[in-house]
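What follows is each chain in one-letter form.
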Amino acid sequence: MGLMLARNGMPASLFLGVPKADWRVSTPAVVIALKIRTVAAEAAVAEATLAANRLLSKQARQLFYKYCSTFDSTANGNIGPVSDALLKLTGEAQTVLLPAFPANGRTVRDGSLYVNGVPLAESSMREHPLTPMTESFLPSLMDAQTKAGQSASIGLETVEAGPEAIGAALDAERNQGKRYVSIDTVDDEHLNTIAAALVDRRFITGGSGIGGALPDALRNAGLLGREESPRGMPALPGHAAVIAGSCSAATRQQVALFEQRAASFVLDPALLYNDPYAGEALADAAVAASAESDVLVYSTTEPGELRKTQQALGVMKSAELIETALARVARRLWDAGVRKFAVAGGETSGAVATALGIQEFRVGQEIDPGVPWLVADRPQPACFAFKSGNFGRTNFFQHALDLLP
């Protein structure tokens, strides 16, 4: 989300976790990344509410609840419960559902979400280990997580009629008691039109695609100053570390390619479970290799193998073992002087950043649609690419490293 804002002239800073009460605002946009996708709904609501209150304490004029462009969630949440809580907090009666990101192949037509032209429920997300998506119709997905009958959709005909038509359609749905409304989106021009209709909305939800359209919409409405360019990237010595915890189809391909050109180490959760020293031994080997070349440390595996591991150890236990081990490896590499990290998987990214004790970043150069380099200026200059498992070209890791000075 921060990248989409920054590359369209609205510099953004990123906090991993809720900033402290005495935090300072240094950019027009602030993104607070929370690890709440698969936690208990009550915990997700509490964390999101705290983050929202931190933003409101700095007079934020618009709150945006960003989730994955594949609407990753289950029937128990957490998109629905969090949205319910933030609607209540802001005093709004309605918000929108905007997961579409056409540049990354995510579109919405007739209320259904598509991934590269395939209905969400028929895409690889159907086999996601934590949030299997077996429904494509957004109102149905949302109704399952909130009160049934509260969700609706607006079609392309209304979108193409312009911002005023969208606003009128939203008002009509609100008068019918519809609190959540998906809006059809198949290209970037649709995003621009939708953004223009939403500039006065206090609370909206969606994927990062709409973030690319919001700055111009705000600027055209006189609510944002002149376009600003992000600061440059620092030149950092030494080799890079790639850490992959995602098992998505995209990450599996990316790992397979990068494995051919880096010192590679695979984490086996069953081995970690049976041998408490296995993670440390692997970390030792990765640190030694990082002095001579880029390193790749991954737990990425095929869906069938992942299911076997989850059946043997449990879904949450196997995830915990992997995240803890990958975070420990990242910490060891950091202590050895590595300052360039590319991390695949949202949960893994959060675990790595937490292990390194870094919370605030500025958004830097774009790598692929929706994925930027992030720069940490403190405690020491470092660059991080945190990506969703489903994002990025097949040679993402090498491409990202090639962009650094």
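Up top is the structure.
Computed from a predicted structure; not experimentally measured. (Residues numbered from 1 in each chain as written. Predicted model: local features only at pLDDT ≥ 70, side-chain atom pairs only at ≥ 80, totals over all residues. Heavy atoms only, no water.)

A. Inspection of the pattern of salt bridges at higher detail. Inspection of the entire model under this criterion finds 18 salt bridges. Taking the shortest distance from any N to any O, the salt bridge between Arg7 and Glu366 comes out at 2.1 Å. Here Arg7 is found in the loop between α1 (2–6) and β1 (12–16), whereas its partner Glu366 is found in strand β15 (residues 360–368), with 359 residues between them in sequence. Overall, Arg7 belongs to the partly exposed group, its relative accessible area being 38%. A residue is classified by how much of its surface remains accessible, and Glu366, at 24% relative accessible area, is partly exposed. Between Arg37 and Asp72 there is a salt bridge, with its nearest N and O atoms 2.9 Å apart. Taken together, the positions of Arg37 in the loop between β2 (29–33) and α2 (41–57) and Asp72 in the loop between β3 (63–66) and α3 (79–90) put the pair 35 residues apart, joining distant regions of the chain. Taking relative accessible area as the criterion, Arg37 reaches 22% and is therefore assigned partly exposed. (Salt bridge = Lys/Arg side-chain N within 4 Å of Asp/Glu carboxyl O. Helix = DSSP H or I, 4+ residues; strand = E, 2+ residues; numbered from the N terminus. Buried < 20%, exposed > 50% of the residue type's maximum accessible area, 1.4 Å probe, protein only.)

B. Structural view of the packing of α2 against α3. Where α2 meets α3, the axes come as close as 9 Å, and the angle between the chain directions of the two elements is 35°. Between α2 and α3 lies a crossing whose hand is right-handed. Of the residues in α3, those in contact with Ala41, Ala44, Val45, Ala48, Thr49, Ala52, Asn53 and Leu56 of α2 are Pro81, Val82, Ala85, Leu86 and Leu89. Across the contact of α2 with α3, the residue classes tally to eleven nonpolar, two polar and no charged. (Axes fitted to C-alpha atoms, helices over the stretch in contact; angles between N-to-C directions. Left-handed = near helix turned anticlockwise from the far one by under 90°. Contact = heavy atoms within 4.5 Å. Nonpolar A, V, L, I, M, F, W, Y, C, P; charged D, E, K, R; others polar.)

C. Region of interest: the packing of aromatic side chains. A full pass over the atoms with the stated rule returns twelve aromatic pairs. Their ring planes at 85° and their centres at 5.6 Å tell us that Tyr65 and Tyr67 sit as a pair that is edge-to-face. Accessibility assignment for this pair places Tyr65 and Tyr67 in one class, buried. Measuring from ring centre to ring centre gives 5.1 Å for Tyr67 and Phe71, while their planes differ by 75°; the resulting arrangement is edge-to-face. (Phe/Tyr/Trp six-rings, centres within 6.5 Å; stacked < 30°, edge-to-face > 60°.)

D. Spatial organisation of the pairing of strand β9 (residues 180–183). Neither face of β9 is exposed, since Tyr180 and Ser182 on one face and Val181 and Ile183 on the opposite face are all buried. The pairing of strand β4 (residues 95–98) with β9 spans three bridges and is classified as parallel. What sits directly across from Leu97, in β9, is Ser182. (Pairing = 2+ DSSP bridges.)

E. Quick peek at helix α12 (residues 303–313). Those residues of α12 not exposed but buried are Leu306, Thr309, Gln310 and Leu313. Projection of α12 onto a plane perpendicular to its axis shows the buried side chains occupying an angular sector of 100°, all on one side. Along α12, the residues that are exposed and aim more than 90 degrees away from the buried face are Lys308, Gln311 and Ala312. (Arc of directions from axis to C-beta.)

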